[in-house]
Amino acid sequence: FVNGGNSSASLRAFRFKSRYGFRFSDRLEKAFRQDAVKYMKLLEPTTNSRYLHRMFNEGVSRRNYDAMNEYKIFGYFFPPVSELSKTPEYKIYASSAMDLMDKEYKSGNKNLRNMMLASLLWPAVKNSDAEGIEIILNEQEKVFAFDKGEKETLTEIFMIEKEIQNINSTELIKREHF
């Protein structure tokens, strides 16, 4: 990494650091903090997808999320929420979502990829229509390769969640007026 090593190895080192609590040497720590995004940009979307899936599907999602923010690479990997992710509200929301994914993993659910993506991207899409959701997912796909059918699944998840929110809003209005 420091001497122009491969970016895939850098992401793997980052993943192991946050998963197992390893420390980088001072030299590597400094290099990673200065140039992490530059090296991550060299990765293919399929590589990003594979590593991020592992990072958020090992029961240590919260630790990986916190580390990605510490090294300022979260926004690179999730461009639709890049600006939102800097707000305290998003950090609280995403931390809670990651805690929930860790709980799900520990209870036996080992396939959390769609849950992770839907959770992290929801704040960006919650006020969008179907066309807006597609634009957001297209932006995400530039750095994160979706599995076959995954984009459609995420779109369905978002549309169902929006419908649930509409129903809940309607029920709240009915209760307030009656």
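Keep in mind the model is a prediction, meaning the values are calculated, not measured.

What counts as what
- Residues numbered from 1 in each chain as written.
- Predicted model: local features only at pLDDT ≥ 70, side-chain atom pairs only at ≥ 80, totals over all residues.
- Heavy atoms only, no water.
- Core = buried A, V, L, I, M, F, W, Y, C linked by side-chain atoms within 4.5 Å.
- Buried < 20%, exposed > 50% of the residue type's maximum accessible area, 1.4 Å probe, protein only.
- Helix = DSSP H or I, 4+ residues; strand = E, 2+ residues; numbered from the N terminus.
- Contact = heavy atoms within 4.5 Å.
- Salt bridge = Lys/Arg side-chain N within 4 Å of Asp/Glu carboxyl O.

A.B. asks: Help me understand the nonpolar core in this model?
C.D. replies: Within soluble globular proteins, side chains that are nonpolar tend to cluster in buried spots. Among the nonpolar cores identified, the biggest contains 42 residues, and Phe-14, Phe-56, Met-68, Phe-78, Leu-120 and Phe-158 are the most heavily contacted of them. Ranked by the residues each element gives to this core, the list is headed by helix H7 (residues 113–125), at 8 residues. Apart from the residues within four sequence positions on either side, Phe-14 is in contact with Phe-24, Phe-32, Met-55, Ala-67, Met-68, Tyr-71 and Ile-73.

A.B. asks: Help me understand the pattern of salt bridges in this model?
C.D. replies: Any two side chains of opposite charge can pair, on the condition that their charged atoms come close. Enumeration over the complete set of coordinates arrives at 6 salt bridges. Arg-62 is the salt-bridge partner of Asp-66, the closest N and O atoms lying 3.4 Å from each other. Of this pair, Asp-66 and Arg-62 both sit in helix H4 (residues 61–70), 4 residues apart, which is roughly one turn of the helix. Residues Asp-99 and Arg-62 are paired through a salt bridge, measuring 2.8 Å at the closest nitrogen-oxygen approach. Placement of Asp-99 in helix H6 (residues 88–106) and of Arg-62 in helix H4 is noted, with a sequence separation of 37 residues between them. With relative accessibility at 27%, the residue Arg-62 sits in the partly exposed group. A single salt-bridge network, built from bridges that share partners, covers Arg-62, Asp-66 and Asp-99.

No statement about biological role is implied by the geometric values presented.
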